[in-house]
Amino acid sequence: MKFKSKESFQKRLFFSVVGVFLFLALFFSVYQYSREKEYKITTLNYRLQMYNYDVHHFLQENGMCRDSFVAYVADLNEDGLRVTIISHAGKVMLDSYFSDEEKMNNHLDREEVIAALSTGKGYVKKRVSTSDGQSTFYAATNFPDMIVRTAVPYSSELAKSLKVDNFYLFYTIVITVLLIIVLYKNTARIGKHIEYLRLFAQKAEQGEQLDLTADDRIPNDELSDISRIITMLYWKIRNSEEDKLRIKRQLTQNAAHELKTPAASIQGYLETILQNPDMPEEKRSYFLQRCFAQSERMSNLLLDMAALTKLDEMDTENSRLNWESISVDEIIHSVLGDTALQMQTKGILAMLDIPASIRIIGDPSLVYSIFRNLVDNAIAYAVGATTINITCREWKEKYEFVVSDDGAGVPAAHLPHIFERFYRVDKGRSRKLGGTGLGLAIVKNAVAVHGGSCTAYPTPGGGFSVKFFLMKKVE
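Sequence order sets the numbering: in each chain, residues are counted from 1 along the sequence as written. Local features are withheld for residues below a pLDDT of 70 in this predicted model, meaning they are given only at 70 or higher, and side-chain atom pairs are given and counted only at 80 or more; totals for whole chains, interfaces and linings count all residues. Calculation of side-chain values draws on the structure's entire complement of heavy atoms; hydrogens and water are dropped beforehand.

J.: So what exactly am I meant to see when it comes to the overall build of the protein here?
T.: Helix and strand assignments follow DSSP, with helices taken as H or I runs no shorter than four residues and strands as E runs no shorter than two, numbered in order from the N terminus. From N to C terminus, the protein includes 13 helices and twelve strands. Residues classed as buried in the protein amount to 37% of the 475 residues present. Note on definitions: a residue-residue contact is assigned when non-hydrogen atoms from the two residues lie within 4.5 Å. The long-range share in the protein, meaning contacts at least 24 apart out of those at least 6 apart in sequence, stands at 65%. Per-residue and other accessible areas follow the Shrake-Rupley method at a 1.4 Å probe size, with only the shown protein chains counted as cover for residues. Counting every atom, the protein has about 28,200 Å² of accessible surface; 57% of that belongs to carbon and sulfur. Partly exposed describes any residue whose relative accessible area lies between the buried limit of under 20% and the exposed limit of over 50%, with all areas from a 1.4 Å probe on protein chains only and scaled to the type maximum.

Written out as structure tokens, the structure reads:
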């Protein structure tokens, strides 16, 4: 599989996020600009509207006297303030700037007057006055008996006061730059992780060695932990597959080696019988018995290999669908009944310390093979043993079983390998007794299928013990 060259994910992520952020920043700036500008205009309008109320109150108390009216407007101390009193018919009744109101035009067509008559108040931000030719800000208020309108020239000072303070843009730009820098650094870190994982995938696809867990160029953060876990899991899976292949090769080699001896023995015995037709019946019978013993050994070996192959290839999830509730104590008694003759011959007594009812969800044949192999192992190899003890201790979610004997035991050097396939403590003696070397390997795999684990250790006081756990209920 070839990896096509693509646009950097880091660049796409960086520019995408920056684009969205710049759009939001621009939207915020425009919105803030319009809000602040509207606020300043509204503030000026509100101030002029307050003048309108003051003037109306003054006229109600003092009447429509021009001199007192002009003096009052002057006392308001507002530069360039002009106040006009307009009737509801649009006629100018008083004006603080012009003394000859009769010559002034009807004001019903003025925007601020129209708005005041309609809503009670109105303003025009900038309009050229027909009286003096100046650009002026107008604010009008409708009262029951008149319309009061105030106006201030749209001078440079007023324009400056209404101008939006753009200082917030400085903060917006600074914050934007800082966020872009932080975003760039973080996307660069993400880009490094992605690039390393991409390189790892390429090398893994090509079968080349590349362990990113040891690469100190990867940024040390949460993503680096994920990257290392991914690579670690990859190597575990790869090593696991290699181990499976190695185990299968070893199994094939060991099986061929184990089968070679009994096959050669059977061939030798039969060849001797065929080449000596006058052989005494007693000797012929002995050779046939030896052939039968070796064929039985081959049969046991093949059965054990088939059991291990079944365990290795078992789809645990699907197999559990067919599992059932089984009584482990009944299986233990069945095993002891099937091996009673061998134990009696060896002078071995079985001792049980188990609860009255032990039930688990599992495969009856596999659970039987666990206890049968352990008991058979003790009968065959526990030199000098007089008892086989089977104990069970109940925990919250599992049962702890211990199968032990009081025989000669197993040297400590062999304990780490005791569950390996075809491993024998005494190879010559094991083969002589007909052992396949697979019994404890079957035990380990069958226990693992049921969600448990097993360990081997010397029995206190002498002997060999195997401890294993079976889950009460495997999820």
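J.: Could you clarify how one ought to interpret the pattern of salt bridges in this entry?
T.: Pairing of side chains with opposite charge becomes possible as their charged atoms draw close. Any Lys or Arg side-chain nitrogen located within 4 Å of an Asp or Glu carboxyl oxygen qualifies as a salt bridge. Taken as a whole, this structure holds eight salt bridges when the rule is applied. The closest approach of N and O atoms between Arg-110 and Asp-109, which form a salt bridge, is 2.8 Å. Residue Arg-372 pairs with Asp-376 through a salt bridge whose shortest N-O separation is 3.0 Å. Taken together, the positions of Arg-372 and Asp-376, both in helix α11 (residues 364-381) and four residues apart, correspond to about one turn of that helix.

J.: What's the story with the sheet that holds strand β5 (residues 147-153) in this structure? I'm lost.
T.: Strand pairs in the sheet, formed through backbone hydrogen bonds, run parallel or antiparallel to each other. Between any two strands, at least two bridges found by DSSP are needed for them to pair. Strand order across the open sheet formed by five strands is β2-β1-β5-β4-β3, with antiparallel pairing between neighbours. Unpaired on one side and paired on the other, β2 (92-95) and β3 (121-128) mark the two borders of the sheet. Within the sheet, the average angular offset between the axes of one strand and its neighbour, ignoring direction, is 20 degrees. One ladder, built from five bridges, connects strand β1 (residues 82-86) with β5; its direction is antiparallel. Bridge pairing links Val-83 to Thr-150 in β5. A fitted line through C-alpha atoms serves as each axis, taken over the contacting stretch for helices, and the angle formed by two N-to-C directions is quoted from 0 to 180°. In the packing of helix α2 (residues 66-75) onto the sheet, the strands contacted are β1 and β2, and the crossing angle to β2 comes to about 55 degrees.

J.: Sorry if this is basic, but what is going on with the sheet that holds strand β9 (residues 387-394) here?
T.: Strand order in the open sheet formed by five strands is β7-β9-β10-β12-β11, with mixed pairing between adjacent strands. Of all the strands in the sheet, the pair left with one neighbour each is β7 (349-353) and β11 (454-458). Sheet twist, expressed as the average angle between the axes of neighbouring strands with direction ignored, equals 15 degrees. Pairing between β9 and strand β10 (residues 398-405): seven bridges, direction antiparallel. Within the sheet, the bridge partner assigned to Glu-394 lies in β10 and is Tyr-399. In the packing of helix α9 (residues 328-338) onto the sheet, the strands contacted are β7, β9 and β10, and the crossing angle to β7 comes to about 175 degrees. Against the sheet, α11 engages β9, β10 and β12 (464-471), with an angle of about 175 degrees to β12.

J.: I tried to follow the pairing of β12 on my own but got confused; where do I start?
T.: Of all eight residues making up β12, six are buried, and the element is well covered by its neighbours. Alignment of β10 against β12, held across seven bridges, turns out to be antiparallel. Of the residues in β12, the one forming a bridge with Phe-401 is Phe-468. Between β11 and β12, which pair antiparallel in sequence order, lie five residues; one of them, Gly-461, sits at a positive phi of approximately 95 degrees.

J.: Looking at this structure, I do not really get the pairing of strand β4 (residues 135-142). What am I missing?
T.: A regular strand places its side chains on the two faces of the sheet in alternate fashion. Where burial is concerned, most of β4 is hidden: six out of the eight residues are buried. The sheet contact formed by β3 and β4 spans six bridges and is antiparallel. When the bridges of β4 are listed, Val-128 appears paired with Ser-135. The sheet contact formed by β4 and β5 spans seven bridges and is antiparallel. Each bridged residue has a counterpart across the sheet, and for Asn-142 the counterpart in β5 is Ile-147. The hairpin formed by β4 and β5 contains four residues between the paired strands.

J.: Hey, could you run me through the side chain of Thr-459 in this one?
T.: Topologically, Thr-459 is positioned in the loop between β11 and β12. A distance of 2.4 Å separates a polar atom in the side chain of Thr-459 from a polar atom in the side chain of Ser-465. When sequence neighbours within four positions are dropped, the list of residues in contact with Thr-459 reads Ser-404, Asp-405, Phe-464 and Ser-465. The term polar contact refers here to a pair of N or O atoms within 3.5 Å; inside protein, the definition further demands a hydrogen-donor-capable atom paired with an acceptor-capable atom, and it admits residues adjacent in sequence only when both atoms are side-chain atoms.

J.: Can you walk me through the confidence of the model for the protein in this structure?
T.: Should pLDDT be low for a region, the predicted coordinates there are not to be read in detail. As a per-residue quantity, pLDDT reports the predictor's confidence and falls between 0 and 100. Across the protein, the average pLDDT comes to 78, with 72% of residues at 70 or higher. A low-confidence stretch, residues 1-6 (pLDDT under 50), is modelled with seven contacts involving residues beyond four sequence positions or located in other chains.

J.: Sorry, what's going on with the packing of α9 against α11 here?
T.: Angle between the axes and distance between the axes are the two parameters that describe a pair of packed helices. At a closest axis distance of 9 Å, the pairing of α9 and α11 adopts a crossing angle of 45 degrees. By the angle class used here, α9 and α11 are oblique. Crossing geometry of α9 relative to α11 is assigned as right-handed. Seen from α9, the contacting residues are Val-328, Ile-331, Ile-332, Ser-334, Val-335 and Asp-338; seen from α11, they are Pro-364, Val-367, Tyr-368, Phe-371, Arg-372 and Val-375. Split by residue class, the contact of α9 with α11 holds nine nonpolar, one polar and two charged. When an angle is under 35 degrees it counts as roughly parallel; over 145 it counts as roughly antiparallel; between 65 and 115 it counts as roughly perpendicular; any other value is oblique. The sense of a crossing depends on the near helix, which, turned anticlockwise from the far helix by less than a right angle, makes the crossing left-handed and, turned clockwise, makes it right-handed. Note on residue classes: Ala, Val, Leu, Ile, Met, Phe, Trp, Tyr, Cys and Pro are nonpolar, Asp, Glu, Lys and Arg are charged, and everything else, Gly too, is polar.

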